[in-house]
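Okay, here's what each chain looks like letter by letter:
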Amino acid sequence: MYDQNNVFAKILRGEIPCKKVHENEHALAFHDVNPQMPVHVLVIPKGPYTNLEEFNAGASLEEMGGFMKAVAESAKIAGVEDSGYRLVANNGADAHQEVPHFHVHIFGGRPIMGRMIKKTE
Ligand code: AMP
């Protein structure tokens with residue numbers, strides 16, 4: 001069940017400010033409040049989707065397209081289109097998703113990100 005009081009829902013309702021990067025009909029992008037990289041932007045759909053499963057089940061193709069367009073456009077506006085960037089979506093408990101509103105992180109602005117997640121057993 002979607003939590004209407006999560007922090008991104010409050011941002012969408014204008015109850016909490018954000019440093020907006022980009023917005024379209026279906027998505028909003030803003031700077032992460034605790035950046036992990038020189039460029040750290042979050043892109044969220046405007047609809048009430050907790051995770052990718054809910055987004056997949058409930059979003060129209062137009063919403064999905066609008067969301068992906070916002071990701072690409074936000075990377076361009078943030079200045080990392082040419083240098084490259086990493087997209088991360090923490091989805092669910094094992095991924096340590098903290099905010100229960102589906103979102104994609106755009107990380108960039110520094111070449112030393114490492115190749116991928118380290119293997120730990
Ligand atoms: P995740 O673990 O993928 O759910 O990450 C949630 C992200 O939201 C974290 O990187 C937080 O720093 C970020 N965050 C939490 N509250 C805010 C806020 N009010 N404005 C911008 N970013 C936020």
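This section reports on the structure supplied with the text. Just so it is clear, the structure is predicted and the values come from calculations on it, not from any experiment. (Residues numbered from 1 in each chain as written. Predicted model: local features only at pLDDT ≥ 70, side-chain atom pairs only at ≥ 80, totals over all residues. Heavy atoms only, no water.)

### Re the pattern of salt bridges
- Scanning all chains against the criterion turns up three salt bridges.
- Linking Glu 23 and Lys 20 is a salt bridge whose minimum nitrogen-to-oxygen distance equals 2.6 Å.
- With relative accessibility at 37%, the residue Glu 23 sits in the partly exposed group.
- Salt bridges linked by common partners bring Lys 20, Glu 23 and Lys 46 together as one network. (Salt bridge = Lys/Arg side-chain N within 4 Å of Asp/Glu carboxyl O. Buried < 20%, exposed > 50% of the residue type's maximum accessible area, 1.4 Å probe, protein only.)

### Overview of unusual backbone geometry
- A positive phi angle, near 60 degrees, is found at His 96, a position not held by glycine.
- Tracing the backbone through its elements, the reader meets His 96 in the loop between strand 4 (85-88) and strand 5 (104-108). (Helix = DSSP H or I, 4+ residues; strand = E, 2+ residues; numbered from the N terminus.)

### Notes on the sheet that holds strand 4
- The five strands are arranged 1-2-3-5-4 in an open sheet whose pairing can be described as antiparallel. Both outer strands of the open sheet, strand 1 (20-23) and strand 4, are each paired with one neighbouring strand and no more. Across the sheet, the axes of successive neighbouring strands diverge by a mean angle of 20 degrees, strand direction being ignored.
- Across five bridges, strand 2 (residues 27-31) lies against strand 3 (residues 39-45) in antiparallel orientation. (Pairing = 2+ DSSP bridges. Axes fitted to C-alpha atoms, helices over the stretch in contact; angles between N-to-C directions.)

### A look at helix 3 (residues 61-77)
- Between its terminal C-alpha atoms helix 3 stretches 24 Å, which fits the 24 Å expected from 17 residues at 1.5 Å a residue.
- Those residues of helix 3 not exposed but buried are Glu 63, Gly 66, Phe 67, Ala 70, Val 71, Ser 74 and Ala 75. (Expected span 1.5 Å × (residues − 1).)

### A look at the site of the ligand
- Around the ligand, the structure places 16 residues, and the nearest of them are Asp 32, Asn 90, Glu 98, His 103 and His 105.
- Separating an oxygen atom of the ligand from a backbone N or O atom of Val 99 is a distance of 3.0 Å.
- Between the ligand and His 103, the relevant distance is 2.7 Å, taken from an oxygen atom to a side-chain nitrogen or oxygen of the residue.
- Relative to its unbound accessible surface of 510 Å², the ligand loses 85% to contact with the protein.
- Of all elements in the fold, only helix 1 (7-12) and strand 2 reach the threshold of two or more residues within the shell around the ligand.
- Ranked by residue count, the leading element in the shell around the ligand is helix 1, at three residues.
- Of the residues in the shell around the ligand, the class split is seven nonpolar, seven polar and two charged. (Near = heavy atom within 4 Å. Polar contact = N/O pair within 3.5 Å; in protein donor to acceptor, adjacent residues only side chain to side chain. Areas by Shrake-Rupley, 256 points an atom, 1.4 Å probe, with all protein chains shown as cover. Nonpolar A, V, L, I, M, F, W, Y, C, P; charged D, E, K, R; others polar.)

### Structural notes on the nonpolar core
- Membership of the largest hydrophobic core comes to 17 residues, with the highest contact counts inside it found for Val 41, Val 43, Phe 55, Phe 67, Phe 102 and Ile 106.
- Counting only elements with at least two residues in this core, the list comes to strand 2, strand 3, helix 3 and strand 5.
- When residues no more than four places from it in sequence are discounted, the contact partners of Ile 106 are Val 39, His 40, Val 41, Val 43, Val 71, Ser 74, Ala 75, Val 80, Tyr 85, Arg 86 and Leu 87. (Core = buried A, V, L, I, M, F, W, Y, C linked by side-chain atoms within 4.5 Å. Contact = heavy atoms within 4.5 Å.)

### Structural notes on the environment of Val 43
- Position of Val 43 among the secondary structure elements: in strand 3.
- Excluding residues that lie within four positions of it along the chain, Val 43 makes contacts with Ala 27, Leu 28, Ala 29, Phe 67, Ala 70, Val 71, Ser 74, Phe 102, His 103, Val 104 and Ile 106.

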